[in-house]
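Secondary and tertiary structure notes
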Amino acid sequence: MSEEVDVLVCGAGVGGLATAAAIGALGATVLLVDKLTRRPPIAKGELLQPGALSSLREWGAEEILLRQGACALDRLSIRAPDGESLLALDYAAVLGPKERLLAADHQTILDALEATLPGNVTIRRGVRVDRLIRDSAGRVAGAHIQQPGGETAVRARLVVAADGIGSKLRAEAEMGGKRAEYAHRLLSFEVAGEYAGELSAYVTERGLRLVYPLPGGTTRVYTQVGPDELRGIGHVGLVGWTHRMVDGVPALDPMRDGLVAALAGRQLLPVPRFLAPSLAKPGLALVGESAHAVHPMAAQGMNTAITDAAALADRLRAVGGFAAADVDEALRSYQRERMPMLEHIATVSHNAARMITDVSPLGRLLGRTLMRNTARNPRLLAATCHNMAGVDVRPLRLTDRFYQLGLLRDANAQVIAR
Ligand SMILES: Cc1cc2nc3c(=O)[nH]c(=O)nc-3n(C[C@H](O)[C@H](O)[C@H](O)COP(=O)(O)OP(=O)(O)OC[C@H]3O[C@@H](n4cnc5c(N)ncnc54)[C@H](O)[C@@H]3O)c2cc1C
């Protein structure tokens, strides 16, 4: 059996759905497939940054999220365990009165993206992409898929690998990259009740405690745990562990009982880090976690998957066609323009994660110093806000690192570029 489309997208997570929405809006015929018949109920990615929201607005997904009760958050604060603010990124003040984060359930975000897909996009679940098809010159020209009716050869001018961090297509195309793991995990709680009005990252002796509101009057809490910290401790042990965790963060005391009650639905997640060395080969593009994974605390991964999709569609729009030569030209500029941005996001996310999650005495001292000097410097604070929001991104220079470490005095600390 065989089929022909302009674009075959492998994987219907955020990256694949955003790609189908963005490229579908150009009028191309798109086939989007996912090997799973149902989405797993994993809460991975609930915070949407202004940069990604501008694309969601364009595709009509932001409006759906707002109708579904998404929570608008205008600040991201790093706090001491007692709640004292150490560093605050005020999105509305720095980026403009309308700019904010949105918090929504991961499944609601996926549903909103799916609802925006135009009629020229077909979505099929329970369909696995098996292996790539190449033409006589070695260019990727489609893929074999396994669907209920049997194996089908899908010919496509462009194949998009949105198949997650373990991407089979990236491996088959020999695009390399090595996954690393942070030395800790994240334990996630969904607590009944409204305990937060903003995104707060508490820096504690035991690392990160991240708290933010979700729609429906619930609160998300991520706590950093050592790789073996919870091994074999059982329910009673976990309850004791939760009380000790709250004892270390008095600001969380009001939700103590809620955290204990939420233990039954907890999720323990590993925290990988990855950046593929390249994003495209003739006929094939990587989008989302097939290309990059960063620490969740900076809330960049899902947002970057969305902006990857928008960037790829933008390059395809610029070449104006879906002939193989046009697609390959668009892929070259996607690689050239997007790669530096992904390297920057990987650096920003890793530095932010280290600043908060490093529990060694030296790491904690360094983190405090970086936070204090950034908080005192309006120019660096504004640049950090832009970088996290993904709006008018301003990579920090080497001298900025010296200012953050307090090794140099910044004569331009008050000068904020517009
Ligand atoms: C705990 C946690 C919290 C996070 N919080 C945030 C946040 O607040 N903000 C943020 O921006 N990011 C966040 N992230 C990151 C975010 O979840 C990911 O960056 C994003 O979900 C990646 O989406 P994706 O579509 O690239 O990959 P995935 O979600 O992994 O989707 C890949 C899809 O491909 C399918 N697939 C795989 N192989 C095949 C195949 N051979 N054939 C067909 N289908 C296939 C899979 O079934 C899957 O549906 C968080 C991550 C974690 C773990």
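Residues numbered from 1 in each chain as written. Predicted model: local features only at pLDDT ≥ 70, side-chain atom pairs only at ≥ 80, totals over all residues.

1. A few points about unusual backbone geometry
At E174, a position not held by glycine, the phi torsion is positive, near 55°. Residue placement: E174 occurs in the loop between α6 (168–172) and β12 (180–192). E174 gets classed as exposed once you count the C-beta atoms within 10 Å, which come to 7. We note that D392 has phi near 45°; this positive angle belongs to a residue other than glycine. Looking at where D392 falls in the secondary structure, it is placed in the loop between α12 (378–389) and α13 (398–405). (Helix = DSSP H or I, 4+ residues; strand = E, 2+ residues; numbered from the N terminus. Buried ≥ 20, exposed ≤ 12 C-beta atoms within 10 Å, placed from the backbone.)

2. Observations regarding the sheet that holds strand β7 (residues 101–103)
Hydrogen bonds between backbone groups are what pair the strands of a sheet, and the pairing can be parallel or antiparallel. Taken together, the three strands give an open sheet; going across it, the order is β3-β7-β4, and neighbouring strands pair in antiparallel fashion. Each edge of the open sheet is held by one strand with a lone partner, namely β3 (47–48) and β4 (71–73). Relative to β7, β4 is paired through three bridges, and the arrangement is antiparallel. Along β7, the bridge assignment pairs C71 with A103. (Pairing = 2+ DSSP bridges.)

3. Observations regarding the sheet that holds strand β13 (residues 199–204)
If you walk across this open sheet you meet the eight strands as β6-β5-β13-β14-β15-β12-β16-β19, and the pairing is mixed. The open sheet has two free edges, formed respectively by β6 (85–90) and β19 (292–293), since each of these has just one partner strand. Note that strand β5 (residues 75–79) and β6 share five bridges and pair antiparallel. Counted as the bridge partner of R75 is D90 from β6.

4. Digging into the domain arrangement of the chain
One can read the domain layout of the chain as domain 1 (2–69 + 104–177 + 276–350), domain 2 (182–271) and domain 3 (361–418). When each unit is reduced to the centre of its C-alpha atoms, the spacing between domain 1 and domain 2 is 32 Å. In this complex, domain 1 contributes 11 residues to the contact, which on the side of domain 2 involves 15 residues. Broken down by class, the residue content of the side of domain 1 that touches domain 2 amounts to six nonpolar, three polar and two charged. (Domains from an automatic or database assignment. Contact = placed C-beta atoms within 7 Å. Nonpolar A, V, L, I, M, F, W, Y, C, P; charged D, E, K, R; others polar.)

5. As for the site of the ligand
Around the ligand, a shell composed of 33 residues is seen, among which G11, G13, G164, G288 and G301 lie nearest. Of all the secondary structure elements, the ones that give two or more residues to the shell around the ligand are α1 (14–24), β2 (30–34), β9 (128–134), β12 and α9 (301–319). In terms of residue count, α9 provides more of the shell around the ligand than any other element does, four residues in total. A class-by-class count of the residues in the shell around the ligand yields 14 nonpolar, 11 polar and eight charged. Lining the shell around the ligand are residues from two domains, each supplying at least three of them: domain 1 (2–69 + 104–177 + 276–350) and domain 2 (182–271). (Near = placed C-beta within 6 Å.)

6. Focus on helix α11 (residues 361–375)
Over its 15 residues, α11 extends 21 Å from the first C-alpha to the last, a length consistent with the 21 Å expected when each residue adds 1.5 Å. Those residues of α11 that fall on the buried side of the exposure criterion are G367, L370, N373 and T374. Looking down the long axis of α11, one finds its buried residues gathered within 145° of arc, a one-sided arrangement. Along α11, exposed side chains directed more than 90 degrees from the buried face belong to P361 and L365. Considering only its buried residues, α11 is in contact with β6, β13, α10 (324–357), α12 and α13. (Expected span 1.5 Å × (residues − 1). Arc of directions from axis to C-beta.)

7. Quick word on helix α2 (residues 50–59)
Counting buried residues in α2 gives seven out of 10 residues, a clear majority hidden from the surface. Turning to α2, its buried residues are P50, G51, A52, L53, S55, L56 and W59. The positive-phi residue at the C-terminal boundary of α2 is G60, with phi of around 90°.

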